Amino acid sequence: MRILWLKTELLHPVDKGGRIRTYHMLRELRREHEIVYLALDDGSAGSSEVEAASEYCHELVRVPHRLAPRRSARFFAELAANAASRLPYAVQRYRSGALRDEIRRRDERGAHDVLVCDFLAPAVNLPARLAGPAVIFQHNVEAEIWRRHAEVASDPLRRAYFRSQWRRMRAFEGAACRRFDRVVAVSRADRDTLERDYGLDGVSVVETGVDVAYFTPADRRPMRPRHLVFTGSMDWLPNQDAMVWFVGDILPLIRERHPDVTLAIVGRDPTPAVRQLAARVPGVTVTGRVPDIRPWVEEAAIYVVPLRIGGGTRLKIYEAMGLERPVVSTSVGMEGLPVGHGEELRVADGAPAFAEEVVGLLERPEAARALGARAAARVRRDFSWARVATDFSRACEDACARVETRLRPPVEEDVVQCR
């Protein structure tokens, strides 16, 4: 197949969940299919990142698009202006007439067999009419993330803002998904939500994979018996919330039993609120971007995933499992993964229960090692990227078999005002 892959960014550095999933998927697809990667480019990518695109596509097409830096004056001005829009800000900021025109030109020439919209945001640029089949790759149910933000927000103004964005996202997401010939979800839970909430039929499930050769133990650093680790992009709100909650509510309970427990928060672009955790709480380290997360994970006795907000599936859990680390997660953190409490990880919700699971594994190192070993064996057996890419190819082929030329009105015209 000739695949036109739409994205809002280049993939290097491959340092966050969405990029990791797309990068490994495309590297596998590229072996059998022709990939044209059509992306918005904010100008931040250097020559090495552009050259590295050859790892995941045959042709790279960049459309210039200036994004307001987060927490800049322009960013806050755009947030204020978004109050008058029907679109959620997380989608509106990626509107591009130039990208829409480029998609239209390529579609009219019949330059590809199938168009893949990677994540929800690029869908705002889909032309009104497409001659060929189109697939949307939903890494998350985006509206669910905003709904959960509203649920956990303690400040009334933040809660009101998140509710407003959730309603807009729900309207946009439903309208967008209904325009595609095939919707791909990353878990059965997401599939059920998409079908229930948006009236979709036959959503395909392509589960998350992991690079099993890369994420394997190599004793890069000795394990520290009272050390915990969390990894993730620290500019992502759900990860920020997880760490603020863990350090504020869970870590003190753990330290009542084991005062010497330490924590490393590993990941790109930590916000001031995350950095303040290290400044305020002894034994907490915030690293920022690291070139390789494996040494940081391997030295931890337990890998923690205290997420209260999120959607899709967490690649980080499979990565930790591949490194044979015992994992303690909330239900939200392991949502959508076909793994079970007591088999491949431990699951607990609420600060006291989560702390108790961590303490239990710290006090029973043999049980912790056995849990990590079972998890690693399951990951290596069932979750390679080659298998995942084969499933995705089948979803694209199904869309090609079913397609009929039809009108696809621009999605913003199909979104009703939510109250």
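(A) Molecular detail of the overall build of the protein chain. Along the protein chain, the regular secondary structure elements total 15 helices and 15 strands. A globule of 419 residues ought to have a C-alpha radius of gyration of about 22 Å, and the protein chain, at 21 Å, matches this closely. On the principal axes, the C-alpha backbone points of the protein chain span a range of 65 × 45 × 45 Å. Considering the protein chain as a whole, with its 419 residues, one finds that 56% of them fall into the buried category. In the protein chain, 71% of the contacts between residues at least 6 apart in sequence involve partners at least 24 apart. Of the charged side chains in the protein chain, 64 are positive and 59 negative; the average position of the first set lies 3 Å away from that of the second.

(B) Structural detail: helix H12 (residues 315–322). Of all eight residues in H12, eight are buried; the element is thus mostly enclosed. Every buried residue belonging to H12 is among Leu315, Lys316, Ile317, Tyr318, Glu319, Ala320, Met321 and Gly322, and all of these are buried. Just past H12, the residue Glu324 takes up positive phi, approximately 65°.

(C) The pairing of strand S12 (residues 300–305), seen in detail. Counting buried residues along S12, six of its six residues qualify, which places the element largely inside the surrounding structure. Across three bridges, the pairing between S12 and strand S13 (residues 327–329) is parallel. If you follow Tyr303 over to S13, its bridge partner there is Val327.

(D) Representation of the environment of Thr285 within the structure. Mapping Thr285 onto the fold places it in strand S11 (residues 284–288). Its relative accessible area of 39% is what places Thr285 among the partly exposed residues. Put simply, Thr285 and Ala353 are 68 residues apart on the chain and 24 Å apart in space, counted from C-alpha to C-alpha. Contacts of Thr285, omitting those with residues within four sequence positions, involve Leu263, Ala264, Ile265 and Ala278.

(E) Local environment of helix H1 (residues 17–29). Spanning 13 residues, H1 covers 18 Å between terminal C-alpha atoms, matching the ideal 18 Å at 1.5 Å per step. Restricting attention to buried positions, one finds in H1 the residues Gly18, Arg19, Ile20, Arg21, Thr22, Tyr23, His24, Met25, Leu26 and Leu29.

(F) Region of interest: the pairing of strand S2 (residues 34–41). Where burial is concerned, most of S2 is hidden: seven out of the eight residues are buried. Pairing of strand S1 (residues 2–7) with S2 involves six bridges; the strand directions are parallel. Its bridge partner being in S2, Ile3 is matched across the sheet by Ile35. With H1 bridging S1 and its parallel neighbour S2, the resulting β-α-β unit is right-handed. As judged from the six bridges shared by S2 and strand S3 (residues 59–64), these two strands associate in the parallel manner.

(G) Seen up close, the pattern of salt bridges. Within the structure shown, the criterion is met by 40 salt bridges. Glu28 is the salt-bridge partner of Arg31, the closest N and O atoms lying 3.2 Å from each other. Overall, Arg31 belongs to the exposed group, its relative accessible area being 59%. One salt-bridge network, in which partners are shared between bridges, spans Glu9, Asp15, Lys16, Arg19, Asp235, Arg268, Asp269 and Arg289.

(H) Main features of the sheet that holds strand S14 (residues 346–347). The strand order across the open sheet built from six strands is S11-S10-S9-S12-S13-S14, with neighbouring strands paired in parallel fashion. Lying at the two open borders of the sheet, with one neighbouring strand each, are S11 and S14. Contacts between helix H9 (residues 237–257) and the sheet are confined to strand S9 (224–231), strand S10 (262–266), S11 and S12, with S10 contributing the most and set at about 175° to the helix. Contacts from helix H13 (residues 351–363) reach S9, S12, S13 and S14 within the one sheet, and its direction differs from that of S12 by about 160°.

(I) Inspection of the side chain of Ser96 at higher detail. Structurally, Ser96 is set in the loop between helix H4 (89–92) and helix H5 (97–108). The contact partners of Ser96, leaving out residues within four places of it in the chain, are Leu40, Val63, His65 and Asn125.

(J) Region of interest: the environment of Trp385. Looking at where Trp385 falls in the secondary structure, it is placed in helix H15 (residues 385–402). It is 32 Å that separates the C-alpha atoms of Trp385 and Pro88, two residues lying 297 residues apart in sequence. Excluding anything up to four places from it in sequence, Trp385 contacts Ile20, Arg21, His24, Met25, Glu28, Gly209, Val210, Asp211 and Leu315.

How each quantity is defined
- Residues numbered from 1 in each chain as written.
- Predicted model: local features only at pLDDT ≥ 70, side-chain atom pairs only at ≥ 80, totals over all residues.
- Heavy atoms only, no water.
- Helix = DSSP H or I, 4+ residues; strand = E, 2+ residues; numbered from the N terminus.
- Rg over C-alpha atoms; globule rule 2.2 N^0.38 Å.
- Buried < 20%, exposed > 50% of the residue type's maximum accessible area, 1.4 Å probe, protein only.
- Contact = heavy atoms within 4.5 Å.
- Lys, Arg positive; Asp, Glu negative; His and termini not counted.
- Charge placed at Lys NZ, Arg CZ, Asp CG, Glu CD.
- Pairing = 2+ DSSP bridges.
- Expected span 1.5 Å × (residues − 1).
- Right-handed = clockwise from strand over helix to strand, strands pointing away.
- Salt bridge = Lys/Arg side-chain N within 4 Å of Asp/Glu carboxyl O.
- Axes fitted to C-alpha atoms, helices over the stretch in contact; angles between N-to-C directions.

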